[in-house]
Amino acid sequence: MTFPPEVLLVAKMAKPFNHPARMKILMYLLQHGDTSFSDLQDVLRLHPSAVTEHLRLLKRSHLIDSCTGVSQKMYSLNKDQFRMHMKILEDVYSSKRNINSDQEEE
């Protein structure tokens, strides 16, 4: 089955949000700002390799940035990308609601 390009784009953009650990990382960074790997691991209570994989996916999606601090790597939310992702997902949700409400009126 083939899908329209816009559907594939939305699916790709939604992937970082479809796991509770990644959502927790994003919400934690939104609330607390720059955070170390060890702090994220403490918050998530996951094996380091699982935390690393979630961070890798979020970095590939450009939702988070990292930099090397004095003694450890620090992670921060890329707020511009986060807003853009949320806006696109909101637009898709709104258009779906509009389509559904149009169908109800018929």
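Data block above holds the structure.
Novice: Teacher, can you tell me more about the sheet that holds strand S3 (residues 73-77) here?
Specialist: Adjacent strands of a sheet pair through backbone hydrogen bonds, lying either parallel or antiparallel. Strand order in this open sheet of three strands is S1-S3-S2, and the pairing throughout is antiparallel. Two strands close off the open sheet at either side, each with one partner strand: strand S1 (35-36) and strand S2 (64-68). Most of the contacts of helix H2 (residues 20-32) go to S3, to which it runs at about 90°, and overall it touches S1, S2 and S3.

Novice: Mind showing me how you'd approach the packing of aromatic side chains here?
Specialist: For any pair of aromatic rings, the description consists of the separation of the ring centres together with the inter-plane angle of the planes. Under the definition given, this model contains one aromatic pair. Taken together, a centroid distance of 6.4 Å and an interplanar angle of 50° make the contact between phenylalanine 17 and phenylalanine 82 tilted. One end of the pair, phenylalanine 17, is in the loop between helix H1 (5-14) and H2; the other, phenylalanine 82, is in helix H5 (residues 79-105), with 65 residues separating them in the sequence. Here the two residues phenylalanine 17 and phenylalanine 82 agree in accessibility, since each one is buried.

Novice: Explain the nonpolar core here, please?
Specialist: As a rule of thumb, nonpolar side chains are buried together in soluble globular proteins. Counting residues in each nonpolar core, the largest one holds 16 residues, and the members touching the most others are Ile25, Leu26, Leu55, Ile64 and Tyr75. At the level of elements, H2, helix H3 (37-44), helix H4 (48-60) and S3 are the ones that each hand at least two residues to this core. When residues of this core are assigned to their parent elements, the largest contribution, four residues, is made by H2. Not counting the four nearest positions on each side in its chain, isoleucine 64 is found in contact with Leu26, Leu29, Leu55, Leu58, Lys59, Tyr75, Ser76, Leu77 and Asn78.

The rules behind each value
Residues numbered from 1 in each chain as written. Predicted model: local features only at pLDDT ≥ 70, side-chain atom pairs only at ≥ 80, totals over all residues. Heavy atoms only, no water. Pairing = 2+ DSSP bridges. Helix = DSSP H or I, 4+ residues; strand = E, 2+ residues; numbered from the N terminus. Contact = heavy atoms within 4.5 Å. Axes fitted to C-alpha atoms, helices over the stretch in contact; angles between N-to-C directions. Phe/Tyr/Trp six-rings, centres within 6.5 Å; stacked < 30°, edge-to-face > 60°. Buried < 20%, exposed > 50% of the residue type's maximum accessible area, 1.4 Å probe, protein only. Core = buried A, V, L, I, M, F, W, Y, C linked by side-chain atoms within 4.5 Å.

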